[in-house]
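Residue-level structural notes
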Amino acid sequence: MTDLAPASLPAPPYYAVVFTSVRTAGDEGYGDRAEQMLKLAADQPGFLGVDSARGADGLGITVSYWSDEESIAAWRGHAEHTLTRAHGREHWYASFAVHVAKVERAYGFLRPADL
């Protein structure tokens, strides 16, 4: 059994920020910066978790989960996050889209470890 699993989240309602992006060629420090941003986001009030995947073709989807819209706005306004977003537009992304949604229902499945 793998250690990979979706983010463990509280019962709804909460908010999801869906960031879908297409990367430019090359890393140019992206991997390190992404790790730094995740650590910084995790320390912010209202942060609940994150799920992220990127294909070999450069298409990625990251969903961050937040307790409320105020927490999302505070993260968007965080100075270091703001600088990183600007750098991303200049160097890392060919395109991206952001969608913010309120999660009203959630459910999942976890295979028992003994199977």
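Residues numbered from 1 in each chain as written. Predicted model: local features only at pLDDT ≥ 70, side-chain atom pairs only at ≥ 80, totals over all residues. Heavy atoms only, no water.

1. Some remarks on the packing of aromatic side chains
Enumeration over the complete set of coordinates arrives at 8 aromatic pairs. Consider the rings of Phe 19 and Tyr 93, whose centres lie 5.3 Å apart with planes at 75°: the pair is edge-to-face. Here the residue Phe 19 occupies a position in strand S1 (residues 14-23), and Tyr 93 occupies one in strand S4 (residues 93-103), the gap between them amounting to 74 residues. Taking the centre distance of 5.2 Å and the plane angle of 80° together, the rings of Phe 47 and Trp 66 count as edge-to-face. Of this pair, Phe 47 sits in strand S2 (residues 47-54) while Trp 66 is found in strand S3 (residues 59-66), placing the two residues 19 residues apart along the sequence. The same class applies to Phe 47 and to Trp 66, which are both buried. An aromatic cluster is built from Phe 19, Tyr 30, Trp 92, Tyr 93 and Phe 96, whose rings are joined through pairwise contacts. Here the guanidinium or amino end of Arg 23 rests over the ring plane of Tyr 30, the centre of that ring lying 3.9 Å away. (Phe/Tyr/Trp six-rings, centres within 6.5 Å; stacked < 30°, edge-to-face > 60°. Helix = DSSP H or I, 4+ residues; strand = E, 2+ residues; numbered from the N terminus. Buried < 20%, exposed > 50% of the residue type's maximum accessible area, 1.4 Å probe, protein only. Lys NZ or Arg CZ within 6 Å of the ring centre and 35° of its normal.)

2. Comments concerning the pattern of salt bridges
Overall, the coordinates contain 2 salt bridges when judged by the stated rule. When the shortest N-O distance is used, the salt bridge between Glu 80 and Arg 33 registers 3.2 Å. Placement of Glu 80 in helix H3 (residues 79-92) and of Arg 33 in helix H1 (residues 30-42) is noted, with a sequence separation of 47 residues between them. Taking relative accessible area as the criterion, Arg 33 reaches 19% and is therefore assigned buried. (Salt bridge = Lys/Arg side-chain N within 4 Å of Asp/Glu carboxyl O.)

3. A closer look at the sheet that holds S3
Spatial ordering of the open sheet is given by S2-S3-S1-S4, a layout of 4 strands whose pairing is antiparallel. Two strands in the sheet have a free side with no partner beyond their single neighbour: S2 and S4. Ignoring strand direction, the axes of neighbouring strands in this sheet form an average angle of 15°. Here H1 sits on the sheet in contact with S1, S2, S3 and S4, set at roughly 160° to S2. (Pairing = 2+ DSSP bridges. Axes fitted to C-alpha atoms, helices over the stretch in contact; angles between N-to-C directions. Contact = heavy atoms within 4.5 Å.)

4. Thoughts on the packing of helix H2 (residues 69-77) against H3
Helices that pack against each other are described as a pair by the angle of their axes relative to one another and the distance between those axes. Packing of H2 against H3 leaves a shortest axis separation of 5 Å and a crossing angle of 65°. Across the interface between the two elements, Trp 75, Arg 76 and Gly 77 from H2 touch Ala 79, His 81, Thr 82 and Arg 85 from H3. Taken together, the residues of the contact of H2 with H3 sort by class into 2 nonpolar, 3 polar and 2 charged. (Nonpolar A, V, L, I, M, F, W, Y, C, P; charged D, E, K, R; others polar.)

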